Amino acid sequence: MIKKSGSELTLADAFDVINLLSQGCGSTGWTYALLAAHGWFLAQFGDQAQRDVWGAAPNAVISTSFSGGPGPEPVEGGLRITEGLWRFSSGVHHANWVALLAPVPREGAAPDMQFLLMPRSEIEIIEDWRSAGLAGSGSCTIAVRDVVVPLHRTLRMQDLLDATGPGRSVNDGPLYKLPLVGCWHVFLSAPATGIARGAMDAWVTRTKSRVHPFTREPVGADPVGRVRLGAAAARIEAAETLIRGAVEKATTETLDNGAVSAETQVRGRRDHAFGVRLCVEAVEALFLAAGASSLDESSPIQRHWRDVHAVAQHVANNFDSNLSAWGERALGLGDGLRFG
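Residues numbered from 1 in each chain as written. Predicted model: local features only at pLDDT ≥ 70, side-chain atom pairs only at ≥ 80, totals over all residues. Heavy atoms only, no water.

S.K.: What's the story with the overall build of the protein in this structure? I'm lost.
M.R.: Helix and strand counts for the protein stand at nine helices and nine strands. The C-alpha atoms of the protein give a radius of gyration of 21 Å, which matches the 20 Å a tight globule of 340 residues would have. Across its three principal axes, the protein shows a C-alpha extent of roughly 80 × 45 × 40 Å. Counting the 340 residues in the protein, one finds 49% classified as buried. For the protein, the proportion of contacts with a sequence separation of at least 24, taken over those separated by at least 6, is 74%. Surface exposure of the protein reaches about 15,500 Å², of which carbon and sulfur atoms provide 55%. Between the mean site of the 31 positive side-chain charges and the mean site of the 36 negative ones, the protein shows a separation of 5 Å. (Helix = DSSP H or I, 4+ residues; strand = E, 2+ residues; numbered from the N terminus. Rg over C-alpha atoms; globule rule 2.2 N^0.38 Å. Buried < 20%, exposed > 50% of the residue type's maximum accessible area, 1.4 Å probe, protein only. Contact = heavy atoms within 4.5 Å. Areas by Shrake-Rupley, 256 points an atom, 1.4 Å probe, with all protein chains shown as cover. Lys, Arg positive; Asp, Glu negative; His and termini not counted. Charge placed at Lys NZ, Arg CZ, Asp CG, Glu CD.)

Now the structure itself:
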């Protein structure tokens with residue numbers, strides 16, 4: 001087995017670290033979360049692909065993109081990308097390698113979605129990330145031109161969904177038995193809890209010294225503001241309980257049974273998305289009670305407000321599709337596991 005960095009801690013530990021980092025800066029928490037998650041992605045690739053990345057650099061990290069890109073052309077020994085663009089690659093500026101999702105053509109069947117792993121030197125970063133939220137994450141577009149990816153550096157999306165990646169043959173810890181759906185979501189939902197806590201802390205600090213501009217009375221004496229604060233705290237703590245509980249349940253099932261049940265995966269989808277929505281509601285209420293000066297670019301409250309909305313906009317946190325998936329399974333209309 002190739003030597004790699006990392007402690008192989010649990011998803012609950014990952015949640016705690018991401019939550020803490022995101023309290024100070026949502027972009028930092030988000031970027032860390034994605035880079036940490038992508039280490040798990042790489043560990044699902046076959047042994048030779050892992051050796052390509054970690055053999056010479058055990059601390060190497062990768063970024064990914066699920067969005068965009070053409071179908072590659074099969075060539076002898078690999079897949080050739082003539083030219084293509086992939087969007088929203090968070091952390092790409094820090095990455096040594098990238099894994100890009102592409103539709104690999106199959107004769108007489110729908111394309112097979114696969115990740116294509118290539119070194120940073122073979123891609124170009126397009127500096128087009130000008131987002132209102134998570135502005136510091138640098139989630140830029142990747143351009144690829146005339147690159148051949150050897151077959152050993154490919155990974156089927158279905159293997160991530162089924163927890164059957166070839167990397168399990170060399171990585172036998174419980175982390176590598178987890179499926180993508182309902183488990184990996186923690187890396188995309190946990191930043192919202194930290195951002196919401198950061199917003200609440202900033203609101204409390206500001207309100208303690210704030211006075212009404214007309215009456216000069218302490219703003220903290222207003223019972224309406226205190227109610228909003230209490231409701232925000234309850235929502236944030238509820239979100240943390242839901243999200244942390246979801247990954248603890250998945251981990252327990254993996255340790256006890258060697259796999260995560262479909263029911264737990266679908267419930268995880270629901271709870272991660274609902275937790276993010278609770279965080280948005282908490283920050284929204286505090287922002288509306290923060291006064292006009294909170295709109296200033298120097299105010300951390302407006303930054304947290306922008307960042308939590310950006311987290312909620314990610315497709316993995318889509319409120320309607322994730323809760324609908326749980327309802328679909330509850331009503332016997334489907335399994336609720338379809339990704340996307």
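S.K.: Explain the pairing of strand β8 (residues 140-150) to me, please; I cannot follow it from the model alone.
M.R.: The two faces of the sheet receive side chains in turn, since in a regular strand these alternate between them. Counting buried residues along β8, eight of its 11 residues qualify, which places the element largely inside the surrounding structure. Looking at chain direction, strand β7 (residues 123-126) and β8 are connected through four bridges and run antiparallel. Across the sheet, E124 pairs through a bridge with A143, a residue of β8. (Pairing = 2+ DSSP bridges.)

S.K.: Looking at this structure, how should I read the sheet that holds strand β6 (residues 109-119)?
M.R.: If you walk across this open sheet you meet the four strands as β1-β5-β6-β9, and the pairing is mixed. With partners counted over all chains shown, the strands left at the sheet margins are β1 (62-65) and β9 (154-156), one partner each. Ignoring strand direction, the axes of neighbouring strands in this sheet form an average angle of 35 degrees. Note that β1 and strand β5 (residues 97-106) share four bridges and pair parallel. Across the sheet, the residue bridging to S65 is L100, located in β5. The strands touched by helix α2 (residues 26-44) within the sheet are β1, β6 and β9, with β1 carrying the most contacts at an inclination of about 85 degrees. (Axes fitted to C-alpha atoms, helices over the stretch in contact; angles between N-to-C directions.)

S.K.: Please explain the packing of aromatic side chains as it appears in this structure.
M.R.: Given two aromatic rings, one states the distance between the centres and the angle between the planes to describe the pair. A complete count under the given rule lists nine aromatic pairs for this structure. Their ring planes at 80 degrees and their centres at 5.1 Å tell us that F66 and F115 sit as a pair that is edge-to-face. A residue pair is termed long-range when its members are at least 10 positions apart, and F66 in the loop between β1 and β2 (67-68) and F115 in strand β6 qualify at 49 residues. Exposure remark for F66: the relative accessible area of 28% places this residue in the partly exposed category. Residues F88 and W129 carry aromatic rings whose centres are separated by 6.3 Å and whose planes lie at 85 degrees to one another, so their mutual orientation is edge-to-face. With F88 in strand β4 (residues 78-89) and W129 in the loop between β7 and β8, this pair connects stretches of sequence that are 41 residues apart. Judged by relative accessible area, F88 falls into the partly exposed class, the value being 41%. The class of W129 is partly exposed, set by a relative accessible area of 22%. Three or more aromatic residues link up through ring pairs in this structure, and these residues are W40, F41, F66, F115 and W184. Taking NZ or CZ as reference, R270 lies 4.9 Å from the ring centre of W326, over its face. (Phe/Tyr/Trp six-rings, centres within 6.5 Å; stacked < 30°, edge-to-face > 60°. Lys NZ or Arg CZ within 6 Å of the ring centre and 35° of its normal.)

S.K.: Any chance you could explain the pattern of salt bridges here in plain terms?
M.R.: When charged atoms on two side chains of opposite charge get close, those side chains can pair. Scanning all chains against the criterion turns up 16 salt bridges. The residue R51 makes a salt bridge to D47 at a minimum N-O spacing of 2.8 Å. With R51 and D47 both in helix α3 (residues 47-54), this residue pair falls four residues apart, about one helical turn. R51 sits in the partly exposed class, given a relative accessible area of 37%. The salt bridge involving R244 is made with E248; its shortest N-O contact spans 2.3 Å. Here E248 and R244 lie together in helix α6 (residues 223-257), a separation of four residues that amounts to about one turn. On the basis of relative accessible area, R244 is assigned to the partly exposed category, the value being 25%. In the salt-bridge network here, residues are joined through shared partners; they are D16, R244 and E248. (Salt bridge = Lys/Arg side-chain N within 4 Å of Asp/Glu carboxyl O.)

S.K.: Would you mind going over the nonpolar core with me for this structure?
M.R.: A general trend in soluble globular proteins is that nonpolar side chains are found buried together. Of all hydrophobic cores here, the largest spans 70 residues; its most connected members are F115 and F187. Among the nonpolar cores identified, the runner-up in size contains 17 residues, and L79, W86, I125 and V144 belong to it. (Core = buried A, V, L, I, M, F, W, Y, C linked by side-chain atoms within 4.5 Å.)

S.K.: I would appreciate a short explanation of the packing of helix α5 (residues 186-208) against helix α8 (residues 300-313) in the present structure.
M.R.: Two quantities define a packed helix pair, namely the angle between the axes and the distance from one axis to the other. Their axes nearest at 9 Å, the elements α5 and α8 cross at an angle of 160 degrees. Classified by the interaxial angle, the pair formed by α5 and α8 is roughly antiparallel. Here α5 and α8 pass one another in a crossing that is left-handed. Packed against α5, whose contacting residues are L188, P191, A192, I195, G198, A199, A202, W203 and R206, the element α8 presents P300, I301, H304, D307, V308 and V311 at the interface. (Parallel < 35°, antiparallel > 145°, perpendicular 65-115°, else oblique. Left-handed = near helix turned anticlockwise from the far one by under 90°.)

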